[in-house]
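Structural overview
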Amino acid sequence: MTESTPRREATKHRLVEAAIDEFAVRGLDATSVEQLCEAAGFSRGAFYSNFTTKDDLCVAIMEGHRDQVLDGLSQVFDQLPQGADVEWVTGEALGEFFRIVAPTAHFQRTFIEIRLRSTRNPELAQRLQKLNAEIRPGMDRFIDHLAAQLGIEFRLTTRQLVDVLESLFFYDMNSTRTDVRDLIGPVALALSQPKEVPHA
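The structure contained in this document is the topic of the report that follows. (Residues numbered from 1 in each chain as written. Predicted model: local features only at pLDDT ≥ 70, side-chain atom pairs only at ≥ 80, totals over all residues. Heavy atoms only, no water.)

1. Considering the packing of helix α5 (residues 86-101) against helix α7 (residues 122-150)
This is how the line gets drawn: Between the N-to-C directions of two axes lies an angle of 0 to 180 degrees, each axis being a line fitted to C-alpha atoms and, for a helix, fitted only over the stretch in contact. The secondary structure listing takes helices from DSSP runs of H or I that are at least 4 residues long and strands from runs of E that are at least 2 residues long, numbered from the N terminus. These descriptions rest on fixed angle ranges, namely under 35 degrees for roughly parallel, over 145 for roughly antiparallel, 65 to 115 for roughly perpendicular, and the rest for oblique. Should any heavy atoms of two residues lie within 4.5 Å, those residues are counted as being in contact. We call Asp, Glu, Lys and Arg charged. Ala, Val, Leu, Ile, Met, Phe, Trp, Tyr, Cys and Pro are nonpolar, and the rest, Gly among them, are polar.
α7 packs onto α5 with a crossing angle of 170° between their chain directions and a minimal axis gap of 11 Å. It follows that α5 is roughly antiparallel to α7 by the angle criterion. Contacts between α5 and α7 involve Val-86, Trp-88, Val-89, Ala-93, Leu-94, Phe-97 and Val-101 on the former and, on the latter, Met-139, Phe-142, Ile-143, Leu-146 and Leu-150. Considered class by class, the residues forming the contact of α5 with α7 number twelve nonpolar, no polar and no charged.

2. Regarding empty space enclosed by the protein
What counts, and what does not: Both cavities and pockets are sets of points on a 1 Å grid over the protein atoms alone; in a cavity a 1.4 Å probe fits but cannot get out, in a pocket the set is open with protein on both sides within 12 Å along at least five of seven lines, and lining residues sit with an atom within 4 Å of a point. Grid points are joined across faces, edges and corners, and a volume is the space filled by probe spheres set on the points.
Enumeration according to the criterion identifies one cavity of 30 Å³ or more in this entry. By volume, the largest cavity is sized at about 110 Å³. In terms of lining, the largest cavity is formed by 15 residues, of which the most central are Val-89, Thr-90, Leu-94, Phe-154 and Ala-188. Where the lining of the largest cavity is concerned, the elements lending two or more residues are α5, α7, β1 (152-154), α8 (158-169) and α9 (184-190). Among the residues forming the lining of the largest cavity, the class breakdown is 13 nonpolar, two polar and no charged.

3. Remarks on α5
For clarity, the cut-off: By this rule the span expected of a helix is its residue count minus one, scaled by 1.5 Å. What we call the bend at a residue is the angle made by axes fitted to the seven residues finishing there and the seven residues starting there. A simple rule labels every residue: compare its accessible area, found with a 1.4 Å probe on the protein chains alone, to the largest value its type can have, and call it buried under 20%, exposed over 50%, or partly exposed in between.
Between its first and last C-alpha atoms α5 spans 21 Å; for 16 residues at 1.5 Å apiece the expected length is 22 Å, and the two agree. The principal kink in α5, of about 25°, is found at Leu-94. Those residues of α5 lying buried are Val-89, Ala-93, Leu-94, Phe-97, Phe-98, Ile-100 and Val-101.

4. Points about the nonpolar core
So the rule is basically this: In this text, buried Ala, Val, Leu, Ile, Met, Phe, Trp, Tyr and Cys residues form a nonpolar core when linked through side-chain atoms within 4.5 Å.
Within the largest apolar cluster, 54 residues are counted, with the highest numbers of intra-cluster contacts made by Leu-57, Ile-61, Phe-97, Met-139 and Ile-143. For this core, the element with the highest residue contribution is α7, accounting for ten residues.

5. So, the pattern of salt bridges
Note the cut-off: The rule for a salt bridge is simple: a side-chain nitrogen of Lys or Arg has to be within 4 Å of a carboxyl oxygen of Asp or Glu.
Within the structure shown, the criterion is met by 14 salt bridges. The partner of Arg-120 in a salt bridge is Asp-29, and the shortest N-O contact between them spans 3.3 Å. Separated by 91 residues along the polypeptide, Arg-120 in the loop between α6 (105-119) and α7 and Asp-29 in the loop between α1 (5-26) and α2 (33-40) bring together distant segments of the chain. There is no split in this pair, since Arg-120 and Asp-29 are both exposed. A single salt-bridge network, built from bridges that share partners, covers Asp-29, Asp-55, Arg-117 and Arg-120.

6. A short note on the packing of aromatic side chains
Aromatic ring pairs are reported here in terms of the distance separating the ring centres and the angle at which the planes meet. In plain terms, the rule: Stacked, tilted and edge-to-face are the three classes assigned to paired rings of Phe, Tyr and Trp, where Trp is represented by its six-membered ring and a pair needs centres within 6.5 Å; plane angles under 30 degrees give stacked, over 60 edge-to-face, the rest tilted. Counted as over-ring charges are cases with an Arg CZ or a Lys NZ within 6 Å of the ring centre that also lie within 35 degrees of the ring normal.
Throughout the structure, instances matching the rule amount to eight aromatic pairs. Arranged with centres 5.0 Å apart and planes meeting at 80°, the rings of Phe-47 and Tyr-48 form a pair that is edge-to-face. Note on Phe-98 and Phe-169: the rings are 4.6 Å apart at their centroids and 5° apart in plane angle, and the pair reads as stacked. Highlighted residues: Phe-98 in helix α5 and Phe-169 in helix α8, separated in sequence by 71 residues. For Phe-98, a relative accessible area of 3% puts it in the buried group. Each residue in the set Phe-97, Phe-98, Phe-107, Phe-111, Phe-142, Phe-169 and Phe-170 is aromatic and connected to the rest through ring pairs, giving one cluster. Here the guanidinium or amino end of Arg-181 rests over the ring plane of Phe-169, the centre of that ring lying 3.9 Å away.

7. Concerning the side chain of Asp-55
Under the convention used in this document: Within 3.5 Å is the distance limit for a polar contact, defined as a pair of N or O atoms, with the added protein rule that one can donate a hydrogen and the other accept it, and that residues adjacent in sequence qualify only through two side-chain atoms.
By secondary structure assignment, the location of Asp-55 is in helix α4 (residues 54-79). By relative accessible area, Asp-55 is classed as buried at 13%. Within the local environment of Asp-55, its side chain forms a polar contact with the side chain of Arg-117, the two groups lying 2.6 Å apart. Leave out the neighbours within four places in its chain, and Asp-55 touches Arg-117, Asn-121, Leu-124 and Arg-127.

Have a look at this one:
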């Protein structure tokens, strides 16, 4: 009897959630398929009925991340207040941006683990680049919309700015240190300037 689609999706989701936690704690390469399945409450067969390799699981994690980011940013986009000031944008708005992009400490560590694995695996890197190409336009639009609300423009391209802010966010994964992340707002502000209005 073929497993129903909802049940199969539920199994896949539990494996993905278990992987995020296990990869964060043990490291991606140090986590075995058996450990993943045990954490998810399944047998080894459940893994191989959904994934061929751990690379496939990595892609599934990032596919879920893509969907959450695009959905989350669109919801925040609809809720942005009119007349927001610089302090709100560089504080609340960018804070919410990164809560959507990297929602938990375990996800942040697993995100880094997957990125590192892709540096040694060209095929995985190519698959992740495709997913990133689907995410980045939504991230860029969010930042552009914030800038438009404030009447500012950035000295870097939006893509370059997001890269800089993301680098600051992921710079130090030690949860007891926050000073680098506190630079995100001031750096965004320092890289901005009033938007020039074309003369008639």
